[in-house]
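The chain contents come next:
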Amino acid sequence: DLMAKDAENKRSLENDLQLAIRRNEFRLFFQPIIDLASKRLAGAEALIRWKHPTRGMVPPDAFIPLSEETGLIVDIGLWTLEVACQQLATWQAQSKDYYVSLNVSGRQIPDGLPSAKLIESVRRHGVDPAKLVIEITEGVLLGDFAKAQAWLNSVREHGFRIYLDDFGTGYSSLSYLKRFPVDTLKIDKSFIRDMSEDNSDRTLVEAIIAMANSLHLTVVAEGVETGDQLALLTKMGCNYVQGYHFSKPVPADEFDAVAVRIGGMLT
Ligand code: C2E
Ligand code: CA
Ligand code: CA
């Protein structure tokens, strides 16, 4: 029956997931993030892909939740940190000052990704911590708030920056931002998608940007797919944009070509 099949499918996926790191099946893709004020490519979000031997490319939504359940997300997170630092070192050697933002799950904080590990990794690769951004969601607070707060303070004190991802979808409150200080708000793509047609979403995006400005936080809009959305966000004073309008996430070896194309779009 269907339920038994589902359970079997999950078990086999879980088995394969255990082996994926050793079998070198993960890939880290990079999606450009554009600074609207300077009209420059500023950096990239690192997004994991799983190249499964028989299933093909498995999207993160199909295995990240499972890896959080099993705890495997800790090893996956250490792998993404390593590859992101390698990429930063490569870009630095080519005199490109891009930053990289890494997605980190609540399950990894605080013990799965201690600040000492972050420091060790950037030092080993000779990378500036200011070039490494950690993207978290407010879900990290569902665990031990005090521990998460101590982790955040330590990470920020060492010069890493923190983005609050999926902003607007949860319970994000202003008092929360005070107790859990971040550098940047990342407006969820669901609001950007409906902004051109839906007046309430447009007002909401405008309000988030205004609030962020007055709190001296920067704003990234994700899921920007059209020139219309880009024009609206520019007018609203949004700082950074990311989305298919400029590029989908690509492997590192395609990033240079994408950067050239984006350079053309921005002049
Ligand atoms: P996210 O962090 O919210 O990442 C943004 C997602 O939106 C990505 O999906 C990206 O490919 C997609 N996207 C970017 N621009 C557009 C656009 O213009 N339109 C549309 N419709 N989508 C766009 P992706 O790569 O499938 O990742 C899904 C989620 O998986 C991520 O959502 C993140 O929560 C998680 N994830 C991805 N990589 C990692 C990782 O290395 N570690 C952890 N813990 N989670 C990850
Ligand atoms: Ca993200
Ligand atoms: Ca998001």
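Because the structure is predicted, anything quoted here is derived from the model rather than measured.

Draft legend 1. Quick look at the coordination of the calcium ion (ligand 3). Within the protein, Asp-166 (OD), Glu-222 (OE) and Glu-222 (OE) serve as the donor atoms for the calcium ion (ligand 3), at 2.1 to 2.8 Å. Between the calcium ion (ligand 3) and the calcium ion (ligand 2), a spacing of 4.8 Å is present. You can see Asp-166 sitting in strand β6 (residues 161-167) and its partner Glu-222 sitting in the loop between β8 (218-221) and α9 (227-236), a full 56 residues away along the chain. Here Asp-166 falls in the partly exposed class, since its relative accessible area comes to 29%.

Draft legend 2. Region of interest: the environment of Leu-266. Following the sequence through the fold, Leu-266 ends up in helix α10 (residues 252-266). Along the sequence, Leu-266 and Ala-89 sit 177 residues apart, while their C-alpha atoms lie 26 Å from each other. Leu-266 has contacts with Ile-34, Lys-39, Arg-40, Leu-41 and Phe-246, leaving out every residue within four places of it along the chain.

Draft legend 3. Representation of the coordination of the calcium ion (ligand 2) in the model. Those donors, Glu-45 (OE), Asn-103 (OD1), Glu-135 (OE) and Asp-165 (OD), are the protein atoms that reach the calcium ion (ligand 2), and they lie 2.2 to 2.4 Å from it. Sequence spacing of the donors to the calcium ion (ligand 2): E-x57-N-x31-E-x29-D.

Draft legend 4. Molecular detail of unusual backbone geometry. Backbone torsion omega between Ile-109 and Pro-110 reads 5°, so that peptide bond is classified as cis. For Pro-110, the location among the structural elements is in the loop between β4 (99-103) and α4 (115-125). Even without being a glycine, Ser-95 presents a positive backbone phi close to 60°. Looking at the secondary structure, you find Ser-95 in the loop between α3 (73-93) and β4. Among the residues examined, Ser-95 registers a relative accessible area of 68% and is labelled exposed. Within the chain, Asp-166 stands out as a residue other than glycine whose phi angle is a positive 55°.

Draft legend 5. Spatial organisation of the layout of surface pockets. Here the largest pocket defines a volume of roughly 1100 Å³. What lines the largest pocket is a set of 39 residues, and nearest its centre among them are Glu-45, Leu-47, Pro-60, Asp-61 and Asn-103. Secondary-structure elements contributing two or more residues to the lining of the largest pocket are β1 (26-35), β2 (40-52), α2 (64-70), α3, β4, β5 (132-136) and β6. Looking at the lining of the largest pocket, the element that brings in the most residues is β2, giving five residues. Taken together, the residues that form the lining of the largest pocket break down as 16 nonpolar, 11 polar and 12 charged.

Draft legend 6. Representation of the site of ligand 1. As a structural note, the neighbourhood of ligand 1 is formed by 23 residues, with Gln-31, Arg-49, Ser-105, Glu-225 and Tyr-244 the closest of them. Here an oxygen atom of ligand 1 and a side-chain polar atom of Glu-45 are 3.3 Å apart. Taking Arg-49, its side chain carries an N or O atom lying 2.8 Å from an oxygen atom of ligand 1. Starting from 800 Å² of accessible surface for ligand 1 in isolation, the protein chains cover 84%. Placement of ligand 1 is best described as lying within the largest pocket. The dominant element in the shell around ligand 1, judged by the number of residues it contributes, is β2, at four residues. Here the shell around ligand 1 is composed, by residue class, of eight nonpolar, seven polar and eight charged.

Draft legend 7. Examining the packing of aromatic side chains more closely. For the structure on display, the rule yields 10 aromatic pairs. On the basis of an interplanar angle of 50° and a centroid distance of 5.8 Å, the ring pair of Phe-26 and Trp-79 is categorised as tilted. Taken as a pair, Phe-26 in strand β1 and Trp-79 in helix α3 lie far apart in primary sequence, 53 residues in all. Exposure remark for Phe-26: the relative accessible area of 3% places this residue in the buried category. Seen in terms of ring centroids, Tyr-98 and Phe-255 are 5.6 Å apart; in terms of plane orientation they differ by 70°. Their pairing is edge-to-face. With Tyr-98 in the loop between α3 and β4 and Phe-255 in helix α10, this residue pair connects regions lying 157 residues apart in the sequence. Residue Phe-255 is classed as buried on the basis of its relative accessible area, which comes to 0%.

Conventions used here
Residues numbered from 1 in each chain as written. Chains lettered and ligands numbered in written order. Predicted model: local features only at pLDDT ≥ 70, side-chain atom pairs only at ≥ 80, totals over all residues. Heavy atoms only, no water. Donors = N, O, S within 2.8 Å, 3.2 Å for Na, K, Ca; no water. Helix = DSSP H or I, 4+ residues; strand = E, 2+ residues; numbered from the N terminus. Buried < 20%, exposed > 50% of the residue type's maximum accessible area, 1.4 Å probe, protein only. Contact = heavy atoms within 4.5 Å. 1 Å grid on protein atoms, 1.4 Å probe; cavity = no way out; pocket = protein on both sides within 12 Å on 5 of 7 lines; lining within 4 Å. Points joined across faces, edges and corners; volume = space filled by probe spheres on them. Nonpolar A, V, L, I, M, F, W, Y, C, P; charged D, E, K, R; others polar. Near = heavy atom within 4 Å. Polar contact = N/O pair within 3.5 Å; in protein donor to acceptor, adjacent residues only side chain to side chain. Areas by Shrake-Rupley, 256 points an atom, 1.4 Å probe, with all protein chains shown as cover. Sits in = over half its atoms within 2 Å of the grid points. Phe/Tyr/Trp six-rings, centres within 6.5 Å; stacked < 30°, edge-to-face > 60°.

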